[in-house]
Amino acid sequence: MKPIAVTAETLQADALIGLVSDGGGHGAVTAFVGIVRDNNLNRRVTHLEYEAYEPMALKALGQICGEADREWPGTRLAVHHRVGRLAIGEASIVIAAASPHRAAAFAACRYVIERVKQIVPIWKHEFFEGGEVWIEGATANPDDEAARLEAVRRACA
Amino acid sequence: MRVTVRLFARLRDIAGAGDLSRDAPAGATVQDVWRGLVAEFPEMARYESSISSAVNADYARMTAAIADGDEVAFLPPVSGG
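Model, not experiment: these values are computed from the prediction.

Caption draft 1: Broad picture of the overall build of chain B. A count of helices and strands for chain B gives two helices and five strands. Its helices and strands in sequence order give chain B the pattern β-α-β-α-β-β-β, from N to C terminus. In terms of principal-axis extent, the alpha carbons of chain B reach across some 35 × 25 × 20 Å. For chain B, the proportion of contacts with a sequence separation of at least 24, taken over those separated by at least 6, is 55%.

Caption draft 2: Expanded view of the interface of chain B and chain A. Tallying the contact residues gives 17 residues for chain B and 26 residues for chain A. Going through the elements one at a time, α1 (9-15), β3 (52-55) and β5 (71-75) of chain B are the ones with two or more residues in the side of chain B that touches chain A. Along the lines of polarity and charge, the residues of the side of chain B that touches chain A split into ten nonpolar, five polar and two charged.

Caption draft 3: Expanded view of the sheet that holds strand β7 (residues 91-99) of chain A. All names here are of chain A. Strands sit in the order β1-β5-β7-β2 across an open sheet of four strands; the sheet is mixed. Of all the strands in the sheet, the pair left with one neighbour each is β1 (4-7) and β2 (28-35). In this sheet, neighbouring strand axes are inclined to one another by 5 degrees on average, regardless of whether the strands run parallel or antiparallel. In this structure, strand β5 (residues 76-82) lies alongside β7, joined through six bridges in antiparallel fashion. Among the inter-strand pairings, R76 is bridged to a residue of β7, identified as A98. Its contacts with the sheet place helix α2 (residues 54-71) against β1 and β5, and it is angled at close to 150 degrees to β1.

Caption draft 4: Representation of the environment of G137 of chain A within the structure. Mapped onto the elements, G137 of chain A comes out in the loop between β9 (131-135) and α4 (145-156). C-alpha of G137 of chain A to C-alpha of I119 of chain A: the two residues are 18 residues apart in sequence and 10.0 Å apart in space. Ignoring sequence-local partners within four residues, the contact set of G137 of chain A consists of K117 of chain A together with P77, V78 and S79 of chain B.

Caption draft 5: Fine view of the nonpolar core. Ranked by size, the top nonpolar core spans 64 residues in total, and within it A57, L77, I95, A97, A108 and V112 of chain A together with V33 of chain B carry the most contacts. Take this core: its biggest share by element is ten residues, from helix α3 (residues 102-119) of chain A. Each residue touching A108 of chain A, except ones within four places of it in the same chain, is listed here: A68, W72, T75, L77, A97 and S99 of chain A.

Caption draft 6: Molecular detail of the packing of α2 of chain A against α3 of chain A. Residues and elements named next belong to chain A. At a closest axis distance of 10 Å, the pairing of α2 and α3 adopts a crossing angle of 145 degrees. As α2 packs across α3, the resulting crossing turns out to be right-handed. Residues A60, I64, E67, A68 and E71 of α2 touch α3, and the partners they reach there are A108, Y111, V112, R115, V116 and I119. Residue classes in the contact of α2 with α3 are distributed as eight nonpolar, no polar and three charged.

Caption draft 7: Local environment of the packing of α3 of chain A against α4 of chain A. Residues and elements named next belong to chain A. Where α3 contacts α4, the two axes come as close as 8 Å, and the packing angle between them is 145 degrees. Note that α3 runs across α4; the crossing there is right-handed. Of the residues in α4, those in contact with A107, R110, Y111, E114, R115 and Q118 of α3 are A147, A151, V152, R154, A155 and C156. Tallied by class, the residues present in the contact of α3 with α4 amount to seven nonpolar, one polar and four charged.

Caption draft 8: Here's a closer look at α4 of chain A. Residues and elements named next belong to chain A. With twelve residues, α4 ought to run about 16 Å at 1.5 Å a step, and its terminal C-alpha atoms sit 17 Å apart, in line with that. For α4, every residue scored as buried is listed here: R148, A151 and A155. Down the axis of α4, the buried side of the element spans an arc of 55 degrees, and every buried residue falls inside it. What points out from α4, more than 90 degrees from its buried face, is the exposed set A146, L149 and R153. Where α4 is buried, its residues meet α2 and α3.

Procedures and definitions
Residues numbered from 1 in each chain as written. Chains lettered and ligands numbered in written order. Predicted model: local features only at pLDDT ≥ 70, side-chain atom pairs only at ≥ 80, totals over all residues. Helix = DSSP H or I, 4+ residues; strand = E, 2+ residues; numbered from the N terminus. Contact = placed C-beta atoms within 7 Å. Nonpolar A, V, L, I, M, F, W, Y, C, P; charged D, E, K, R; others polar. Pairing = 2+ DSSP bridges. Axes fitted to C-alpha atoms, helices over the stretch in contact; angles between N-to-C directions. Core = buried A, V, L, I, M, F, W, Y, C linked by C-beta atoms within 7 Å. Buried ≥ 20, exposed ≤ 12 C-beta atoms within 10 Å, placed from the backbone. Left-handed = near helix turned anticlockwise from the far one by under 90°. Expected span 1.5 Å × (residues − 1). Arc of directions from axis to C-beta.

Written as structure tokens, this is what we have:
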């Protein structure tokens, strides 16, 4: 299994946790699983469709893992993002972070999800009772140092 | 020269396709391709200040020069996670 992937297959959190846990030098593993929620902004959500610019999304995820490694050296990371149609309750993203100690494992995991929302070219199409809408979050700019530092701040909050 | 234009999410919906082939003059920039798209699809104009752009799947500035055969992508604000 690759540590970084964009896939239409069901995500396997336990497999990612196993992937980063291999080795023996890491005393802490954290995982974040993003789940499709049945409501958003008072809309009753029926399902989501995720679209990616895949080659670029893979590069952006690689950049983010590199950044996390510089902030928290020795952390081992894996991140898989789902694309295609997702039902309520399905996982859209799984991030696993292993580190010698818990503080870095928690921080790196949080950092990755914050950065995914900033710079990874993936889009969420929300279908709800009565309509549909493309969710538009952040204007992606990988060189925006203020945004990156905000992700570090949130990771360490 | 000829470039491939990649569009995603709402921009793809507006154009009715995610993959377009367009002519561009020698020396054209990403911005020139975008202006051509807006002329063709005026509804895209409101994305002027919020899009990101890429050339051959790497982030690029709107002022970046493009070459024959390049893949030029326009990315509305992202919403992964």
